[in-house]
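# Architecture at a glance
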Amino acid sequence: MSPASTGASTTVGAATSVPSPDSADSRLTPGGPGYRRMSFALFLAGVATFALLYSTQALLPLISGEFGVTASDASWTVAAATGGLALFVLPMSALSERFGRRTVMTASLAVAVTLGLLVPFAPDLTTLVVLRAVQGAALAGLPASATAYLAEEVRPKALITAIGLFVAGNSVGGMSGRVITGWVAQEWGWRVAVGVIGALAVACAVAFRLLLPAPRHFVAGSLKPRVLAGTVRDHLSDPLLRRLYAIGALFMTVFGGVYTVIGYRLTEAPFGLPQGIVGSIFLVYLVGTVSASTAGRLVGRLGRRGALYAAGGTTAAGLLLSLADSLPLVLLGLVLITAGFFAGHAVASSAVSKTATHGRAQASALYQSAYYVGSSAGSTAGALAFHAGGWAGTVGVGLLAVLGVVAITVLGTRAARLAARGFPPCGKAA
């Protein structure tokens, strides 16, 4: 979710075909022809993707009210979308290797925005959840292809900047989708709010297709299921990668649960905030942008495992603070939860790319799958816990997930110490 929202989504589908040295000079570079168009196109794609993916999250209390369902039932409108993305990100990464990055991204956005225009007319919750699941599956083509396109079409020295702009689009889309829907829904209801996001996504998708330069360095590969299955099997058999996937999923479990339920918490007593104000709470995401960007320095000071401990501790402190019946303390808790999540997600997702010695596209796609499975699980478990025990129940789910992160990191620390003493390692250290 991924975190991210959150950062990780941009690592999926890293290119497996590398431009030849002879063509390197023709790749895009800042200030050169096409670079600005390309950057803005992918920024808009990121906005559309994450505005659509989380378009119902800030509206769950209103959806519950209209359909007469509980928070846990309404949360499926979020969990279905992120679950669909989690299931299809790996297949989409394979399709982009065969049919091209721009083709897959264009098709994915076309399907997703069409569904986005249908979502406001869902007659019941079941139809709404099904539409959202298919929409999430369609959106899987964006994180599966965007970074691969950049790796092939942009000069290496400019690649980090280009990816940063796509990440910014993800963050802006995820945040603005929630904020816009909150204020629009306050005046005209959740259906109009979701429709506005659908129209915004259509505009972004059309501009994306018109602006994105045609690929010049893509080399099509063949779809070989046995090769793909072998690569996936290799990654899943690596103890360190398994731990990193689990850490990403657990961090996103916290984040998904908290932000799915927070609307209910703040619209109920003792706060009673209006829908527009509740939607604006998602501006806290800006804190995550900062914490993710400073994760590298945190690792430099504390090491990878130290950074994960710090991220987990920060998240846990935020969860405990959010139990207070004081709005300033709840907001401070959300700041700490968001900062801890984004930092931990950034550390884990970057470690995946460094750890995988082959098939990095598939390694990153597996991380994305685990990440969005965590989002779906957190949305559902957090809402169920809220229904059973109020906000304290949701916090309990989050604390259990943080405890899981700490336990997994302890295992990695132990493996590192054993390896340092010359004992045969059971697996790589996390």
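The residue count restarts for each chain, going from 1 along the sequence in the order it is written. Whole-chain, interface and lining totals are the exception, using all residues; otherwise, since this is a predicted model, local features are given only for residues with pLDDT of at least 70 and side-chain atom pairs are given and counted only at 80 or more. Calculation of side-chain values draws on the structure's entire complement of heavy atoms; hydrogens and water are dropped beforehand.

This paragraph deals with the overall build of the protein. A run of DSSP states H or I qualifies as a helix once it reaches four residues; a run of E qualifies as a strand once it reaches two. Both are numbered from the N-terminal end. Within the protein, the regular secondary structure consists of 17 helices and zero strands. Buried, partly exposed and exposed residues are distinguished by accessible area as a fraction of the type maximum, computed with a 1.4 Å probe on protein chains only: under 20%, between the cut-offs, and over 50%, respectively. Looking at the protein as a whole, 57% of its 430 residues qualify as buried. Only the protein chains shown count as cover for residues, with accessible areas throughout obtained via the Shrake-Rupley method and a probe of 1.4 Å. Counting every atom, the protein has about 16,400 Å² of accessible surface; 68% of that belongs to carbon and sulfur.

Bringing the nonpolar core into the picture now. With 118 residues, the main nonpolar core has Leu42, Ile63 and Tyr259 as its most contacted residues. Here this core gets 16 residues from one element, more than from any other, and that element is helix H11 (residues 239–267). Residues are treated as being in contact if the distance between any of their heavy atoms lies within 4.5 Å. With residues up to four places along the chain from it excluded, the contact list for Tyr259 reads Gln57, Phe282, Val284, Tyr285, Leu334 and Thr338. Throughout, nonpolar core names a set of buried Ala, Val, Leu, Ile, Met, Phe, Trp, Tyr and Cys residues whose side chains join them through atoms within 4.5 Å.

Another aspect to go through is the environment of Ser39. Looking at the element boundaries, Ser39 is found in helix H1 (residues 35–53). Ser39 sits 169 residues away from Phe208 along the chain, and the two C-alpha atoms are 9.8 Å apart.

Turning to the packing of H11 against helix H14 (residues 295–321), a few remarks are in order. Taken N-terminus to C-terminus, the directions of H11 and H14 make an angle of 20 degrees; their axes are 12 Å apart at the nearest point. When the axis of H11 is compared with that of H14, the two are roughly parallel. Read as a crossing pair, H11 and H14 show a hand that is left-handed. Taken together, the residues of H14 that come into contact with H11 (itself represented by Leu240, Ile247, Phe251, Val254 and Val258) are Arg304, Leu308, Ala311, Gly312, Thr315 and Leu319. Three residue categories are used. Nonpolar comprises Ala, Val, Leu, Ile, Met, Phe, Trp, Tyr, Cys and Pro, charged comprises Asp, Glu, Lys and Arg, and polar comprises the others, including Gly. Taken together, the residues of the contact of H11 with H14 break down into eight nonpolar, two polar and one charged. Axis definition: a line fit to C-alpha positions, over the contact stretch in the case of helices; interaxial angles, taken between N-to-C directions, run 0 to 180 degrees. We call two directions roughly parallel when the angle between them is under 35 degrees, roughly antiparallel when it is over 145, roughly perpendicular when it lies between 65 and 115, and oblique otherwise. Crossings are classed by handedness, with left-handed meaning an anticlockwise turn of the near helix from the far one by less than a right angle and right-handed meaning a clockwise turn.

On to the packing of aromatic side chains. Aromatic rings from Phe, Tyr and Trp, with only the six-membered ring used for Trp, were paired whenever their centres fell within 6.5 Å, and each pair was classed as stacked if the ring planes differed by under 30 degrees, edge-to-face if by over 60, and tilted otherwise. Within this structure, the stated rule accounts for eleven aromatic pairs. Taking 4.1 Å as the distance between ring centres and 10 degrees as the angle between the ring planes, the aromatic pair formed by Phe255 and Phe341 counts as stacked. Of the two residues, Phe255 sits in helix H11 while Phe341 sits in helix H15 (residues 327–355), which places them 86 residues apart along the sequence. We classify Phe341 as buried; its relative accessible area is 1%. Taken together through their ring pairs, the aromatic side chains of Phe255, Tyr259, Phe282, Phe341, Phe342, Tyr367, Tyr371 and Tyr372 make up a single cluster.

Another point: the confidence of the model for the protein. The predictor rates its confidence in each residue with pLDDT, a number between 0 and 100. Looking at the protein, the pLDDT average stands at 83 and 85% of residues meet or exceed 70. Element-level pLDDT for the protein is lowest in helix H13 (residues 285–293), with a mean of 73, against a maximum mean of 96 in helix H6 (residues 125–139).

If you trace the backbone, Thr82 turns up in helix H4 (residues 76–99). Residues in contact with Thr82, not counting those within four places in the same chain, are Leu53, Tyr54, Tyr372, Ser375 and Ser376.

So, about the side chain of Gln57. Position of Gln57 relative to the elements: it lies in the loop between H1 and helix H2 (60–67). Gln57 sits in the buried class, given a relative accessible area of 3%. Definition of a polar contact: a pair of N or O atoms within 3.5 Å, with one able to donate and the other able to accept a hydrogen when the atoms are protein atoms, and with sequence-neighbouring residues admitted only if both atoms are side-chain atoms. A distance of 3.2 Å separates polar atoms of two side chains, one belonging to Gln57 and the other to Thr260.

In this section: the environment of Ala249. Counting through the fold element by element, Ala249 comes out in helix H11. Taking the C-alpha atoms as reference points, Ala249 and Gln368, 119 residues apart in sequence, are found 8.8 Å from one another. Residues in contact with Ala249, not counting those within four places in the same chain, are Ala370, Tyr371 and Gly374.

So, on to helix H5 (residues 101–118). Given a rise of 1.5 Å per residue, 18 residues ought to cover 26 Å, and the 26 Å separating the end C-alpha atoms of H5 matches this to within 8%. Arg101, Arg102, Val104, Met105, Ser108, Leu109, Ala112, Val113, Leu115 and Gly116 are the residues of H5 that are buried. Tucked inside the fold, the buried residues of H5 contact H1, H4, H6, helix H7 (146–153) and helix H9 (190–211). Expected span, for any helix, means 1.5 Å times one less than how many residues it has.

By definition here, a salt bridge exists when the distance from a side-chain nitrogen of Lys or Arg to a carboxyl oxygen of Asp or Glu is within 4 Å. Counted according to the given criterion, the structure contains two salt bridges. A salt bridge links Asp325 to Arg265, with the shortest nitrogen-to-oxygen separation between them at 3.8 Å. A residue pair is termed long-range when its members are at least 10 positions apart, and Asp325 in the loop between H14 and H15 and Arg265 in helix H11 qualify at 60 residues.

For H14, with 27 residues, the first-to-last C-alpha span of 23 Å runs short of the 39 Å given by 1.5 Å per residue. Those residues of H14 not exposed but buried are Ala295, Ala307, Leu308, Ala311, Gly312, Thr315, Ala316, Gly318 and Leu319.

The subject of this paragraph is the environment of Leu250. Within the secondary structure, Leu250 sits in helix H11. Here the alpha-carbon distance between Leu250 and Tyr371, two residues 121 residues apart in the chain, equals 7.9 Å. For Leu250, the contacting residues outside a window of four places in its chain are Ala401, Gly404, Val405 and Ile408.

Taken together, the side chains of Trp188, Val192 and Val196 define a hydrophobic patch exposed on the protein surface, amounting to about 300 Å² of accessible area. Along the chain, Val196 falls in helix H9. Patches here are clusters of residues that have more than 30% relative accessible area and form no salt bridge, with a 9 Å joining cutoff for like charges and a 5 Å cutoff for nonpolar side chains (Val, Leu, Ile, Met, Phe, Trp, Tyr).

This part covers unusual backbone geometry. In the segment running from Ala269 into Pro270, the intervening peptide bond is cis, with an omega of 10 degrees. Along the chain, the position of Pro270 falls in the loop between H11 and helix H12 (275–280).

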